[in-house]
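What follows is each chain in one-letter form.
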Amino acid sequence: MAFNIDQHGSDAIVVVVEFDLNPGCEEDFQTAVDSMHERVKLYEGFLGEDPCRSLVDDSKSVPLFYFRDSDSMAAWRSDVEHVRVQELGREKYLRRTKS
């Protein structure tokens, strides 16, 4: 679900996530990402996302996620399944992550 500023205004909260994948885990990681994409769409206040890649480092993904307000963002960040998948990502899939 791409974000359209004309529909939502410029007061949205933008979350920038930066990560590099460990080699060989792309399929498992994509399965986890797909499940999180479906889950976040259920949250009121989730406005959309823009999948992006670094122009400098082709291995780096830098997706942008848009939320209506900080309460919406906080609700998603504390989602139990989201937290579990983040931990799994740090342990298994990602070489580096920042948000």
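Up top is the structure.
Residues numbered from 1 in each chain as written. Predicted model: local features only at pLDDT ≥ 70, side-chain atom pairs only at ≥ 80, totals over all residues. Heavy atoms only, no water.

1. A few points about the sheet that holds strand β1 (residues 13–16)
The antiparallel open sheet is built from 3 strands, whose spatial order is β1-β5-β3. Two strands in the sheet have a free side with no partner beyond their single neighbour: β1 and β3 (46–50). For this sheet, the mean angle separating the axes of adjacent strands, direction not counted, is 20 degrees. Two elements, β3 and strand β5 (residues 64–67), share 4 bridges in a ladder whose sense is antiparallel. Along β5, the bridge assignment pairs E49 with F65. (Pairing = 2+ DSSP bridges. Helix = DSSP H or I, 4+ residues; strand = E, 2+ residues; numbered from the N terminus. Axes fitted to C-alpha atoms, helices over the stretch in contact; angles between N-to-C directions.)

2. Notes on helix α4 (residues 80–93)
Along its 14 residues, α4 runs 19 Å from first to last C-alpha, staying within 8% of the 20 Å computed at 1.5 Å per residue. Residue D79 occupies the N-cap position of α4, its side-chain oxygen lying 3.1 Å from the main-chain nitrogen of E81. (Expected span 1.5 Å × (residues − 1). Polar contact = N/O pair within 3.5 Å; in protein donor to acceptor, adjacent residues only side chain to side chain.)

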